[in-house]
Amino acid sequence: HLAARVDGEQKHPLGATVTEGETHESPQFEHLQGDVEVFRDIDSPIWVWDRGYTLYERFCEFIDTDDEFVTLLESDARYEICEEIQTVEVSTGEETRQIRDAQIELADTGYQFRRVLLETPDGEELEYLTTLASSEYDPIDVISIYTLRTVIEILFRELKQYLNVENFHSQSLNGVLFELFCALIGLVLIQWLRQRHPMRGGVPKAIQEVRK
């Protein structure tokens, strides 16, 4: 498994960690956290993950360590609303959607979190759980921060689809890490080229240009 930290603005990888196939990815967040000191402009990271890492005890640990996170709340999550913070309306074209902001107590944890609920155009409700303070982050900010995680999914897709990282030539750990490191360097070159010299053909065309 590969876990990564990606620059949300420039859309290139800043760090990665690799586990054996039978190891769950969740503990790798701590390894990425340890790299933060290397980058002076990333001194206060916000952790973002999907429903696959729903662990209530872990959520509480973030509060105890004063770390910030945003994740999607599972539809069957149990919680009690402690305080309604605000309700805002967002208009996109002819559609107007409501975003409800509230403070909740999650299940039987005894810990309070912030819940942001978004009504989608098709009537679905998406609930975001976060420790970000309402005094510093508007509800739409919480949603936007979570949406940035798609940048990491795009990174993984491009690594698999265009740089063939799922098939290794080496059988040793050092060899696999070397191949992954080279793939990440290649991806940075591709992203740099596409930003400096916009071209049609996407990543495949950029790879051809890099090879030249």
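Residues numbered from 1 in each chain as written. Predicted model: local features only at pLDDT ≥ 70, side-chain atom pairs only at ≥ 80, totals over all residues. Heavy atoms only, no water.

1. Section: the packing of helix α4 (residues 149–162) against helix α5 (residues 173–196)
Piece 1. Look at α4 against α5: their axes get within 11 Å of each other, and the N-to-C directions meet at 110°. Classified by the angle between their axes, α4 and α5 sit roughly perpendicular to one another. As for the relative orientation of α4 and α5, their crossing is right-handed in sense. Side by side, α4 and α5 meet where L155, E158 and L159 of the first sit next to A183, L184, L187, Q191 and R194 of the second. (Axes fitted to C-alpha atoms, helices over the stretch in contact; angles between N-to-C directions. Helix = DSSP H or I, 4+ residues; strand = E, 2+ residues; numbered from the N terminus. Parallel < 35°, antiparallel > 145°, perpendicular 65-115°, else oblique. Left-handed = near helix turned anticlockwise from the far one by under 90°. Contact = heavy atoms within 4.5 Å.)

2. Examining the nonpolar core
Piece 1. In terms of nonpolar packing, the biggest core is built from 13 residues, with V70, V116, Y128, V142, I143 and Y146 touching the most fellow members.
Piece 2. Of all the secondary structure elements, the ones that give two or more residues to this core are β4 (68–72), β7 (112–119), β8 (125–130) and α3 (139–147).
Piece 3. No other element matches α3, which puts four residues into this core.
Piece 4. Among all residues touching V70, those that are not within four sequence positions of it are I46, W47, V48, W49, L129, T130, L132, V142, I145 and Y146. (Core = buried A, V, L, I, M, F, W, Y, C linked by side-chain atoms within 4.5 Å. Buried < 20%, exposed > 50% of the residue type's maximum accessible area, 1.4 Å probe, protein only.)

3. Some details on the sheet that holds strand β5 (residues 79–92)
Piece 1. Ordered by their spatial adjacency, six strands build an open sheet running β3-β4-β8-β7-β6-β5, and the pairing between neighbours is mixed. Each of the sheet's edge strands pairs with one partner strand only, and the pair in question is β3 (46–49) and β5. This sheet shows a mean twist of 20° between the axes of neighbouring strands, independent of strand direction.
Piece 2. The sheet contact formed by strand β6 (residues 95–106) and β7 spans seven bridges and is antiparallel. Residue pairing across strands places I99 opposite L118, the latter belonging to β7.
Piece 3. Strand contacts of α3: β3, β4, β5, β6, β7 and β8, with the helix running at about 85° to β7, the strand carrying the most contacts. (Pairing = 2+ DSSP bridges.)

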